[in-house]
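Close look at the chain arrangement
For reference, the chains in residue letters:
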Amino acid sequence: MRKRSRTAAGQGRTSEVAALIGHPVSHSLSPAIFSFLSRRFSRKIQYDALDISPGELKRALGLLRSLDFIGCNITIPYKEKVIACLDRVSDETRVIGAANVVYNKDGELIGYNSDVLGILETLREARVRISGREVVLYGAGGAARAVAYAMGVLGAKDVWITNRTPHRARALTKKFGSYFSKTRYHVLAWESFPLGRQIDLWVNATPLGMAGFPRSRTFSFIPGKNAFALDLIYRPEETPFLKKASAEGLKTIGGLDMLVWQAIGTWELWFGKMSGKHETKVALKKFLKQRLRRIDRCT
Ligand SMILES: NC(=O)c1ccc[n+]([C@@H]2O[C@H](COP(=O)([O-])OP(=O)(O)OC[C@H]3O[C@@H](n4cnc5c(N)ncnc54)[C@H](OP(=O)(O)O)[C@@H]3O)[C@@H](O)[C@H]2O)c1
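Values in this document were obtained by computation on a predicted structure and should not be read as measured data.

**Considering the domain arrangement of the protein chain**
- Taken as a whole, the protein chain is organised into domain 1 (16-112 + 260-298) and domain 2 (117-254).
- The distance between the C-alpha centroids of domain 1 and domain 2 comes to 25 Å.
- Summed over both partners, the interface of domain 1 with domain 2 buries about 1400 Å², with 57% contributed by carbon and sulfur atoms.
- For the domain 1 face of the interface with domain 2, the top three residues by lost area are V95, I96 and W261, together amounting to 47%.
- Counting every contact that joins domain 1 to domain 2 gives five salt bridges.
- Ionic pairing is found between D296 and R235, a salt bridge with its closest N-O pair at 2.7 Å.
- Elements with a minimum of two residues in the side of domain 1 that touches domain 2: α3 (91-96), α8 (256-271) and α9 (277-298).
- Looking at the side of domain 1 that touches domain 2 element by element, the count peaks at seven residues for α9.
- Grouping the amino acids of the side of domain 1 that touches domain 2 by side-chain chemistry returns seven nonpolar, four polar and eight charged.

**Re the pattern of salt bridges**
- Enumeration according to the criterion identifies 20 salt bridges in this entry.
- When the shortest N-O distance is used, the salt bridge between R59 and E56 registers 2.8 Å.
- Its relative accessible area of 29% is what places E56 among the partly exposed residues.
- Close ionic contact of E268 with K277 constitutes a salt bridge, the shortest N to O distance being 3.1 Å.
- Classification of K277 as partly exposed rests on a relative accessible area of 27%.
- Salt bridges sharing common partners tie together E134, K157, D158, R184 and R197.

**Focus on the sheet that holds strand β8 (residues 158-162)**
- As summarised here, the arrangement of the six strands in space is β9-β8-β7-β10-β11-β12, forming an open sheet in which the pairing is parallel. Every other strand in the sheet has two partners, leaving β9 (184-187) and β12 (251-253) as the edge strands with one partner each. Going across the sheet, the axis of each strand differs from the next one's by a mean of 20°, ignoring polarity.
- Pairing between β8 and β9: four bridges, direction parallel. When the sheet's bridge partners are listed, V159 is paired in β9 with Y185.

**Section: the packing of aromatic side chains**
- All chains considered together, the criterion is met by 18 aromatic pairs.
- Centroid distance F34 to Y47: 5.0 Å. Interplanar angle 10°. Geometry classified as stacked. Here Y47 lies in strand β2 (residues 45-51) and F34 lies in helix α1 (residues 30-40), a separation of 13 residues in the sequence. For the residue pair F34 and Y47, the accessibility class agrees, reading buried in each case.
- Among the aromatic residues, ring-to-ring pairing joins Y138, W190, F193, W202, F219, F221 and F241 into one connected group.
- Sitting over the ring of W261, R124 keeps its end group 5.7 Å from the ring centre.
- Taking NZ or CZ as reference, R217 lies 4.7 Å from the ring centre of W190, over its face.

About the thresholds
- Residues numbered from 1 in each chain as written.
- Predicted model: local features only at pLDDT ≥ 70, side-chain atom pairs only at ≥ 80, totals over all residues.
- Heavy atoms only, no water.
- Domains from an automatic or database assignment.
- Buried area = accessible area lost by both parts, 1.4 Å probe.
- Salt bridge = Lys/Arg side-chain N within 4 Å of Asp/Glu carboxyl O.
- Helix = DSSP H or I, 4+ residues; strand = E, 2+ residues; numbered from the N terminus.
- Nonpolar A, V, L, I, M, F, W, Y, C, P; charged D, E, K, R; others polar.
- Buried < 20%, exposed > 50% of the residue type's maximum accessible area, 1.4 Å probe, protein only.
- Pairing = 2+ DSSP bridges.
- Axes fitted to C-alpha atoms, helices over the stretch in contact; angles between N-to-C directions.
- Phe/Tyr/Trp six-rings, centres within 6.5 Å; stacked < 30°, edge-to-face > 60°.
- Lys NZ or Arg CZ within 6 Å of the ring centre and 35° of its normal.

So this is what it looks like as C-alpha cells:
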C-alpha cells in the first residue's frame, strides 16, 4: 500500500481506503453516499462496509490502520464502544459519548460526531432560530444526545426531553445541563407539554415511525405556524410525526437533510473543503431520494 500524501490529500496513491464499521451493515446508505461523492469529485475511494462481530472492533481498526486508511464511519452497535479504541476524540464526541466518524490523522485515530454537524447545518439551511427558544425532544439515545448538544451550541433557552425510559432522559439533562450554562434541560412526561410555553422546535430522535418499526406510541404538538418539526427518520420521507405536525400547522423537516449534511461533513473532515457544497447537497439528496424510492418498491 502506498503512503498517502497529506498535503493535496489523496495525491501519491491510487485510491483512498475508507470503510463503514458496524453490525449489521447491509442496511446502510454510507457505501452509496461515498460512491456518489467519489464519482462527483473524481476521487478514487475504496469504501467497504465491514460487518464486524462483537469483540473484533479493535482488530478491525488495527487492520484499517495498517492499510493507512483515511477514516471510517461507525454505526450501530459500536458508536459508544469505539471511543475506547481511539487516540483522541473531539469535544462533542466526549460530551455525547458516541462517535460516528473516525479520521486517521497521520496515524492518530480521532473520533468525531458528525450528527451534530448534520443537525446544525439542517437547521441553518431551514432558517430555524434556536437561540433563546424552546425545544421539545423525543428520545434520549445517541441521536437525541447529538440534538441536545446542538441545542446547547445554538443557545436554546429550554430543552424538554421526553423518553420512554425516563431515567435516561434524566441522565441526559444532568450531563448537558452542567456542560451548557445558557440552556436548561428538563425531563417531560411523554406527550405532555410544558405549560404556558410556546415551543419553537419539536424533534423526533426515536425510531418511532421508521419503515418497518412498530408504532407503539404517538406524538402530540401545540399548534403553531411559526414552529418547526424535525424528524431524524428519513425512511419514509413523510413520517407519522411529520404528518401530524403538518396537520397542526407546523413547518416540517425530514431526516434526509441531516443525513446528507453529516456525510458532507465527513467528506470535508477526510479530504478538506468541498467546492460547490450547496450543489452537492442538492444532488446527493436527490440521489438518495431516488435510491430510497427504489428500495421501497423492492420491499
Ligand atoms: N437522519 C440522520 O442522519 C440520522 C442520524 C442518526 C440517527 N437517526 C435516526 O434517529 C433515530 C434514533 O437513533 P439513535 O441512534 O439515537 O438510536 P438509540 O441510541 O438506540 O436510541 C433510540 C431512542 O429511541 C427510543 N425508543 C426506541 N424504541 C422505542 C419505542 N418503541 N417507543 C418509544 N421510544 C423508543 C429509545 O428510548 P429508551 O431510552 O426508552 O430505549 C431511545 O431514546 C433512528 O430512527 C435513527 O435512524 C437519523
